[in-house]
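# Chains, contacts and geometry: an overview
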Amino acid sequence: TPSTPNQPNKELFHIPVEVGLLGKDGKILTERTLELTEESQTFDFSDMAEEPYVPSLFRGFSAPVKLVSDVTPDQLAFLASYDNDPFNRWDASQRLYTRELLRLAQAWRENGGTTENLKLDTSVSKAFQASLS
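Now for a quick tour of the structure.

Cut-offs and rules
Residues numbered from 1 in each chain as written. Predicted model: local features only at pLDDT ≥ 70, side-chain atom pairs only at ≥ 80, totals over all residues. Heavy atoms only, no water. Pairing = 2+ DSSP bridges. Helix = DSSP H or I, 4+ residues; strand = E, 2+ residues; numbered from the N terminus. Axes fitted to C-alpha atoms, helices over the stretch in contact; angles between N-to-C directions. Parallel < 35°, antiparallel > 145°, perpendicular 65-115°, else oblique. Left-handed = near helix turned anticlockwise from the far one by under 90°. Contact = heavy atoms within 4.5 Å.

Two strands pair when backbone bridges link them, and strand 1 (residues 15–22) and strand 2 (residues 28–36) are joined in this way by 8 bridges, in the antiparallel orientation. Of the residues in strand 2, the one forming a bridge with P16 is E35. Counted between consecutive antiparallel strands, the loop separating strand 1 from strand 2 contains 5 residues, among which G26 sits at a positive phi close to 90 degrees.

With that out of the way, let us pick up the packing of helix 1 (residues 73–82) against helix 2 (residues 86–110). Across the interface, helix 1 lies against helix 2 with an axial gap of 8 Å and an inter-helix angle of 140 degrees. The pairing of helix 1 with helix 2 is recorded here as oblique in orientation. Crossing geometry of helix 1 relative to helix 2 is assigned as left-handed. Across the interface between the two elements, P73, L76, A77, L79, A80, S81 and Y82 from helix 1 touch R89, A92, S93, R95, L96 and R99 from helix 2.

Printed below as a string of structure tokens:
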């Protein structure tokens, strides 16, 4: 947390985080509550029978925090399509659609304001179709 006028040094918080790991079929492989108590921590999920495809973090809105991550558009589309946590599914959709709109706007600008050759990424189309079913 950035420093503020009356509090330049921030204390660490204890943040319980509900995490689910989804397999390639979209099913939850494991779900655990992680206790974040340090500035940096490592958690071991080596006891799993299957390699997880993507994490579903802060399930059940378990911690109202801002997360910066390097999730790919395909992973966001997967979460938007398969995550059984309603908030995470909505959030993945919003992040995916926002990225795509910004990408299309940039391409439009670079094409001199023409819509020629502007195409919606297939991951966005698939996620949108899944949200309708």
